[in-house]
Amino acid sequence: LMHAHVAHDCVLGNNIIMSGFAGLAGHVLVEDHAVLSGYVAVHQFCRIGKFSLVGGCSKVVQDVPPFMIVDGYPGETRTINKIGLERFGISDETLNALKQAYKILFREGLSMSNALIKIEGEVPSMPEIQHLVQFVRASKRGIS
């Protein structure tokens with residue numbers, strides 16, 4: 001956490017990485033194993049999902065979905081965090097299910113509620129998929 005900023009009422013999970021000059025405004029939740037690269041700025045009340053990666057110099061104004069890579073100004077979900085998940089030992093079956101869920105959520109042009117229904121009906125049910133669906137469903141700021 002060298003030269004990082006964590007404001008009031010933030011909740012930080014276990015085994016997170018905050019690179020130099022990453023900053024969290026108030027009331028931010030960072031779940032386990034999330035990575036915030038250098039110079040990332042996170043708006044108040046945002047949530048950073050577990051095993052996500054936020055690219056350097058990104059501006060996060062909405063929730064970062066778990067297991068995904070978010071990058072840009074403002075941050076946008078780009079793909080799954082395949083390398084980070086592989087390093088942690090996530091199975092190929094789970095990676096494939098997350099990739100399928102990513103495509104439904106972010107590439108098919110569906111509303112979030114319809115995408116979640118499709119994921120629940122078509123993607124194999126496993127803890128990571130259930131967590132992703134619950135995280136998105138609980139979002140108050142929207143998903144990056």
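Parameters at a glance
Residues numbered from 1 in each chain as written. Predicted model: local features only at pLDDT ≥ 70, side-chain atom pairs only at ≥ 80, totals over all residues. Heavy atoms only, no water. Pairing = 2+ DSSP bridges. Helix = DSSP H or I, 4+ residues; strand = E, 2+ residues; numbered from the N terminus. Contact = heavy atoms within 4.5 Å. Axes fitted to C-alpha atoms, helices over the stretch in contact; angles between N-to-C directions. Buried < 20%, exposed > 50% of the residue type's maximum accessible area, 1.4 Å probe, protein only. Polar contact = N/O pair within 3.5 Å; in protein donor to acceptor, adjacent residues only side chain to side chain.

A. Highlighting the pairing of strand β11 (residues 68-72). As paired elements, strand β9 (residues 53-54) and β11 share two bridges and run parallel to each other. Counterpart to Val-54 in the pairing with β11 is Val-70. Bridge count for β11 against strand β12 (residues 75-80) is five bridges, and the pairing is antiparallel. Residue Gly-72 lies in a different strand from β12, and its bridge partner there is Gly-75.

B. Examining the sheet that holds strand β3 (residues 17-18) more closely. Spatial ordering of the open sheet is given by β3-β6-β9-β11-β12, a layout of five strands whose pairing is mixed. Only two strands of the sheet have a single neighbouring strand rather than two, namely β3 and β12. In the packing of helix α2 (residues 92-106) onto the sheet, the strands contacted are β11 and β12, and the crossing angle to β12 comes to about 145°.

C. Representation of the environment of Tyr-73 within the structure. Mapped onto the elements of the fold, Tyr-73 is located in the loop between β11 and β12. The spacing of Tyr-73 and Val-60 is 13 residues in sequence and 7.6 Å in space, taken between C-alpha atoms. Not counting the four nearest positions on each side in its chain, Tyr-73 is found in contact with Cys-57 and Lys-59.

D. Highlighting the sheet that holds strand β7 (residues 41-42). Strand order in this open sheet of four strands is β1-β4-β7-β10, and the pairing throughout is parallel. Sheet topology places β1 (5-6) and β10 (59-60) at the edges, where each strand pairs with a single neighbour. Both β7 and β10 contribute to a ladder of two bridges, which runs parallel. By the bridge assignment, Val-42 is partnered in β10 with Val-60.

E. Layout of the side chain of Ser-52. Mapping Ser-52 onto the fold places it in the loop between β8 (47-48) and β9. Other than its neighbours up to four places away in sequence, Ser-52 contacts His-33, Ala-34, Val-35, Val-64, Pro-65, Phe-67, Met-68 and Asn-81.

F. Molecular detail of the side chain of Asn-81. With respect to the helices and strands, Asn-81 occurs in the loop between β12 and α1 (82-87). You can call Asn-81 buried: its relative accessible area is 8%. Within the structure, Asn-81 has its side chain in polar contact with the backbone oxygen of Phe-51 (distance 2.9 Å). Beyond its immediate sequence surroundings of up to four residues, Asn-81 is in contact with Phe-51, Ser-52, Leu-53, Phe-67, Met-68 and Ile-69.

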